[in-house]
Amino acid sequence: MKSFMILCAIVGLVIGIGFSVAGNCTWATAFWRGCVCALAAAILARWWSGVWLDNLRDAVRQAQYRRSVPVPKTKQAPKP
């Protein structure tokens, strides 16, 4: 999860600096905005990876439960 957060922070930094430079900002302003975008991207990545892992664990538990419960045998309906 840490590597995912670092990757998202780098992407956020590049996006923040890129948009700031495209808007003709000074380098100091562009770097500051890039740092804010990097922080926001890292926080969002941490939240999203937590949600994703919780859902993955839930899916694994459901699959294990389905395997452990025997399938009830039903009688076939009589043909007319």
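Residues numbered from 1 in each chain as written. Predicted model: local features only at pLDDT ≥ 70, side-chain atom pairs only at ≥ 80, totals over all residues. Heavy atoms only, no water.

Outline the environment of Pro 78, supporting the account with residue identities and numerical values.
On the secondary structure map, Pro 78 appears in the segment after α2 (27-68). Pro 78 gets classed as exposed once you look at its relative accessible area, which sits at 76%. Sequence separation between Pro 78 and Ala 59 is 19 residues; the distance between their C-alpha atoms is 37 Å. (Helix = DSSP H or I, 4+ residues; strand = E, 2+ residues; numbered from the N terminus. Buried < 20%, exposed > 50% of the residue type's maximum accessible area, 1.4 Å probe, protein only.)

Give me the lowdown on the packing of helix α1 (residues 2-22) against α2, citing residues and values where you can.
Relative to each other, α1 and α2 sit at 145°, their axes nearing to 6 Å. Regarding α1 and α2, the two cross each other, and that crossing is right-handed. When the residues that make up the contact of α1 with α2 are grouped by side-chain class, the tally is 16 nonpolar, 5 polar and 2 charged. (Axes fitted to C-alpha atoms, helices over the stretch in contact; angles between N-to-C directions. Left-handed = near helix turned anticlockwise from the far one by under 90°. Nonpolar A, V, L, I, M, F, W, Y, C, P; charged D, E, K, R; others polar.)

So what's going on with the pattern of salt bridges? Which residues, and what values?
A complete count under the given rule lists 2 salt bridges for this structure. Arg 57 is the salt-bridge partner of Asp 54, the closest N and O atoms lying 3.5 Å from each other. With Asp 54 and Arg 57 both in helix α2 and 3 residues apart, the pair spans about one turn of that helix. For Asp 54, a relative accessible area of 47% puts it in the partly exposed group. For Arg 57, a relative accessible area of 46% gives the class partly exposed. The closest approach of N and O atoms between Asp 58 and Arg 61, which form a salt bridge, is 3.9 Å. Of this pair, Asp 58 and Arg 61 are both found in helix α2, 3 residues apart, which corresponds to roughly one turn of the helix. (Salt bridge = Lys/Arg side-chain N within 4 Å of Asp/Glu carboxyl O.)

Would you mind going over α1 in detail, with residue names and values included?
An α-helical turn contains 3.6 residues, so any two residues separated by three or four positions project in the same direction. Helix length check: α1 (21 residues) gives 30 Å between terminal C-alpha atoms against 30 Å at 1.5 Å per residue, within 8%. Every buried residue of α1 is listed here: Met 5, Cys 8, Gly 12, Gly 16 and Ser 20. Relative to the axis of α1, the buried residues are bounded by an arc of 95° and lie together on one face. Exposed side chains of α1 directed beyond 90 degrees from the buried face belong to Ser 3, Ile 6, Val 14 and Ala 22. (Expected span 1.5 Å × (residues − 1). Arc of directions from axis to C-beta.)

So, to be careful, I would describe these as geometric facts and stop short of saying anything about function.
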